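Structure assessment
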Amino acid sequence: MNTMKLSLTLFAFAAFSSMSFAAGPISDIYDGQVKSVENDVVRLATKMPADKYDFAPTTPGEFKGVRTFALQVRHIATVMYQCSAAALGEKAPVDLGKTDNGPDTLKTKEQIVDYLKGAVAYAHKAAQNLNEKNQLDDMANPFNPSGKMKRAATVGVIGWHSFDHYGQMVVYARMNGVIPGDAPAPAPAKKQ
């Protein structure tokens, strides 16, 4: 292959690659993660029967002190609120309670699912606020008040942390005969 053909081939490949694989705004990437959480976590929280919200495994294995299904949902939502507030540089719009399990006033399935849906809506706001200029801004670390985190890292916690606990929720659901994912997707969260 002569040099001219090689150059044209490489130029065409580079042009095609940049057109085909160009990412949208950074906010789309992070908001996509929040949409995945909304689809899977909210769906399972909605599907689990109210009388199973206080379920936590006891045997076989060591389950002393593990969160109940309700506390798993409340914990996910609380961390979503904490991370979203930090990324937005504002105070969370709801009472987060005294622990990372959220407010103890949340008792019923309906209250807990509403709290989760509110957290998802707030997480969408935080993700949609990210852009190429502000993604590397230092923000207050939601887990260490004297520390800092990059804005994008703070929003990034929402996805991986939620799915870490979603895995536990799936086990709880299956132990109670509930199959995740075979219910209709939940209605989108209302904007905060």
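Below, the structure is looked at part by part. Keep in mind the model is a prediction, meaning the values are calculated, not measured. (Residues numbered from 1 in each chain as written. Predicted model: local features only at pLDDT ≥ 70, side-chain atom pairs only at ≥ 80, totals over all residues. Heavy atoms only, no water.)

**Thoughts on the environment of Gly 181**
Of note, Gly 181 is situated in the segment after helix 5 (151–175). With relative accessibility at 47%, the residue Gly 181 sits in the partly exposed group. Measuring from C-alpha to C-alpha, the distance between Gly 181 and Lys 47 comes to 9.0 Å, with 134 residues separating the pair along the chain. (Helix = DSSP H or I, 4+ residues; strand = E, 2+ residues; numbered from the N terminus. Buried < 20%, exposed > 50% of the residue type's maximum accessible area, 1.4 Å probe, protein only.)

**Things to note about the pattern of salt bridges**
For the structure shown, the criterion picks out 6 salt bridges. The shortest N-O distance in the salt bridge between Asp 31 and Lys 35 comes to 3.8 Å. In this pair, Asp 31 and Lys 35 both sit in helix 2 (residues 26–47), 4 residues apart, roughly one turn of the helix. Overall, the relative accessible area of 6% leaves Asp 31 in the buried class. A residue is classified by how much of its surface remains accessible, and Lys 35, at 48% relative accessible area, is partly exposed. Residue Lys 150 is joined to Asp 138 by a salt bridge in which the shortest nitrogen-to-oxygen separation is 2.9 Å. With a gap of 12 residues between them, Lys 150 in strand 2 (residues 144–150) and Asp 138 in strand 1 (residues 138–141) connect regions that are remote in the sequence. Taking relative accessible area as the criterion, Asp 138 reaches 48% and is therefore assigned partly exposed. (Salt bridge = Lys/Arg side-chain N within 4 Å of Asp/Glu carboxyl O.)

**Observations concerning the pairing of strand 1**
The side chains of a regular strand alternate, residue by residue, between the two faces of the sheet. Here 4 bridges tie strand 1 to strand 2, and the two strands are oriented antiparallel to one another. Among the inter-strand pairings, Ala 140 is bridged to a residue of strand 2, identified as Lys 148. Connecting strand 1 to the antiparallel partner strand 2 that follows it, the hairpin turn spans 2 residues. (Pairing = 2+ DSSP bridges.)

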